[in-house]
Amino acid sequence: MKEAELRETEDRLQAAAAPLASLADPTPGSELGAIRVPDGEAVFELSDVGVWYGNKHAISGINMQIPVRKVTALIGPSGCGKSTLLRCLNRMNDLIPGARIEGEINYHGTDIYAKKVDPVEVRRRIGMVFQKPNPFPKSIRDNVTFGAKVNRIKGTPDEIAERALRQAALWEEVKNDLSKSGLALSGGQQQRLCIARALAVQPDVILMDEPCSALDPIATLKIEDLIRELTKEYTIIIVTHNMQQAARVSDNTAFLLAQEHGVNGQLIEYGPTNELFTNPRDKRTEDYITGRFG
Ligand SMILES: Nc1ncnc2c1ncn2[C@@H]1O[C@H](COP(=O)(O)OP(=O)(O)OP(=O)(O)O)[C@@H](O)[C@H]1O
Ligand SMILES: [Mg+2]
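Because the structure is a prediction, the values reported are computed rather than measured.

### Regarding the overall build of the protein chain
Secondary structure assignment for the protein chain yields 11 helices and 10 strands. Each of the 294 residues in the protein chain was classed as buried or not, and the buried ones make up 42%. The long-range share in the protein chain, meaning contacts at least 24 apart out of those at least 6 apart in sequence, stands at 69%.

Here it is, written out as structure tokens:
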């Protein structure tokens, strides 16, 4: 990209960021980003959220509040709409042709689908990590700092890279190899690199869609430890097929189910993870967590 184009893009992003920043305007001492939001508050409030793909009603009637600096797990059988729901939270569904959302998603009190809100800024604040680690064919340093420059994150590339790699518990393993390709790392390291990349733009929330399903058990445990560590500062929402993982890492769990073939996915039960796993209120939750289906 030419310098002038880059500057123009940066200016556009900066301008786009303004409405969200002022809308989510915090009471003193509780702004976003650097900013502490009081414990116990909701990051997201979902009211009657549904998603259509063309004429398929994939999920519907989802009402839930997602608390700040906790891990929320989304569980349920394949096709119940976990990824669909996750993608609503940072407007990733906008990128899917034919996808349409209904209902309202408030993020710190701001409707993220409001006209004045820029989806690019939404995706900076609400980052995403995917099932398969997807580093760019670039150096480890460039992988981490990729989004930081456009987003005007303070610091030199080395400072930004070190900060994010330390947060992602990868620094000690790569500090002497920052110029090596990100693709030369192991799968577990690549996933932590992708987490570092998400952290480098100073998000508030990280969405993870089955982040460990391509990893071996040791790499999985490292990511789970990291998730627990990150929750001191960030809100994390994780999709998982692994019940033990949901039980180990999450504070709250939401169980979704598409009740019959062709019927849209719904939120069946949502609450503190230990209660949902030991004393589910709904028979369908019990059947699922005890492995009777799915
Ligand atoms: N891009 C799309 N176009 C059309 N239908 C889609 C699209 N993405 C998902 N769906 C449909 O929406 C429903 C929910 O899909 P989604 O991928 O959210 O489920 P999931 O719970 O994440 O499943 P899995 O556990 O297999 O990842 C499914 O019936 C799926 O076929
Ligand atoms: Mg999925």
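### Considerations on unusual backbone geometry
Even without glycine at this site, Arg91 takes up a positive phi of about 65 degrees. Here Arg91 shows up in the loop between helix 2 (82–88) and strand 4 (99–107). Arg91 gets classed as buried once you count the C-beta atoms within 10 Å, which come to 20. Phi at His108 takes a positive value of approximately 45 degrees, unusual for a residue other than glycine. Relative to the helices and strands, His108 is located in the loop between strand 4 and strand 5 (110–111).

### Brief notes about the pairing of strand 6 (residues 126–129)
Alternating positions in strand 6 separate into two faces, Ile126 and Met128 on one and Gly127 and Val129 on the other, with burial throughout. Bridge analysis of strand 6 against strand 7 (residues 205–209) gives 4 bridges, and the strand direction is parallel. Across the sheet, Ile126 pairs through a bridge with Val205, a residue of strand 7.

### Let's talk about the site of ligand 1
Surrounding ligand 1, one finds 13 residues, the nearest of these being Tyr53, Ala58, Ser78, Ser83 and Thr84. Elements that contribute at least two residues to the shell around ligand 1 include exactly strand 2 (56–67) and helix 2. Per-element tally for the shell around ligand 1: the top contributor is helix 2, with 3 residues.

### Quick word on the confidence of the model for the protein chain
Interpretation of the predicted coordinates at a detailed level should be avoided for regions scoring low in pLDDT. Across the protein chain, pLDDT averages 88, with 86% of residues at or above 70. With pLDDT under 50 throughout, residues 9–35 is counted as low confidence; its partners more than four residues away or in other chains account for 38 contacts.

### A closer look at the nonpolar core
Among the nonpolar cores identified, the biggest contains 68 residues, and Leu74, Ala164, Ala196, Leu207, Ile237 and Ile238 are the most heavily contacted of them. With near-sequence residues (within four places) excluded, Ala164 lies in contact with Val144, Ala196, Leu199 and Ala200.

### Digging into helix 8 (residues 217–230)
Its 14 residues place the ends of helix 8 20 Å apart at the C-alpha level, agreeing with the 20 Å of an ideal helix rising 1.5 Å per residue. Of all the positions in helix 8, only Thr220, Ile223, Glu224, Leu226 and Ile227 are classed as buried. Across the axial projection of helix 8, the buried residues extend over an arc of 160 degrees, all falling on one side. At its buried positions, helix 8 is contacted by strand 3 (71–75), helix 7 (187–200), strand 8 (235–239) and helix 9 (243–249).

### Considering the packing of helix 7 against helix 8
Direction vectors running N to C along helix 7 and helix 8 enclose 20 degrees, while the axes themselves pass 9 Å from each other. Between helix 7 and helix 8, the crossing angle belongs to the class labelled roughly parallel. The interaxial crossing formed by helix 7 with helix 8 has right-handed handedness. Across the interface between the two elements, Gly187, Gly188, Gln191, Arg192 and Ile195 of helix 7 pack against Ala219, Lys222, Ile223 and Leu226 of helix 8. Class assignment of the residues belonging to the contact of helix 7 with helix 8 gives a composition of 4 nonpolar, 3 polar and 2 charged.

### Brief notes about helix 7
For helix 7, built from 14 residues, the straight-helix expectation of 20 Å at 1.5 Å per residue is met to within 8% by its first-to-last C-alpha distance of 20 Å. When you tally the buried positions in helix 7, you get 13 out of 14 residues, the bulk of the element. Directly beyond the C-terminal end of helix 7, a positive phi value near 55 degrees is found at Gln202.

### Quick look at the environment of Asp204
When you line up the elements, Asp204 lands in the loop between helix 7 and strand 7. Between the C-alpha atom of Asp204 and that of Val68, which follows or precedes it by 136 residues, the distance is 9.1 Å.

### Topic: the pairing of strand 3
A large share of strand 3 lies buried, amounting to 5 of its 5 residues. Both faces of strand 3 are covered, namely the face carrying Val71, Ala73 and Ile75 and the face carrying Thr72 and Leu74. Sheet topology note: the strand 3/strand 8 ladder contains 4 bridges and is parallel. Bridge pairing in strand 8 places Val71 opposite Ile236. Across 4 bridges, the pairing between strand 3 and strand 9 (residues 252–258) is parallel. Opposite Thr72, over in strand 9, you have Asn252 as the bridge partner.

About the criteria used
Residues numbered from 1 in each chain as written. Chains lettered and ligands numbered in written order. Predicted model: local features only at pLDDT ≥ 70, side-chain atom pairs only at ≥ 80, totals over all residues. Helix = DSSP H or I, 4+ residues; strand = E, 2+ residues; numbered from the N terminus. Buried ≥ 20, exposed ≤ 12 C-beta atoms within 10 Å, placed from the backbone. Contact = placed C-beta atoms within 7 Å. Pairing = 2+ DSSP bridges. Near = placed C-beta within 6 Å. pLDDT = per-residue confidence, 0-100. Core = buried A, V, L, I, M, F, W, Y, C linked by C-beta atoms within 7 Å. Expected span 1.5 Å × (residues − 1). Arc of directions from axis to C-beta. Axes fitted to C-alpha atoms, helices over the stretch in contact; angles between N-to-C directions. Parallel < 35°, antiparallel > 145°, perpendicular 65-115°, else oblique. Left-handed = near helix turned anticlockwise from the far one by under 90°. Nonpolar A, V, L, I, M, F, W, Y, C, P; charged D, E, K, R; others polar.

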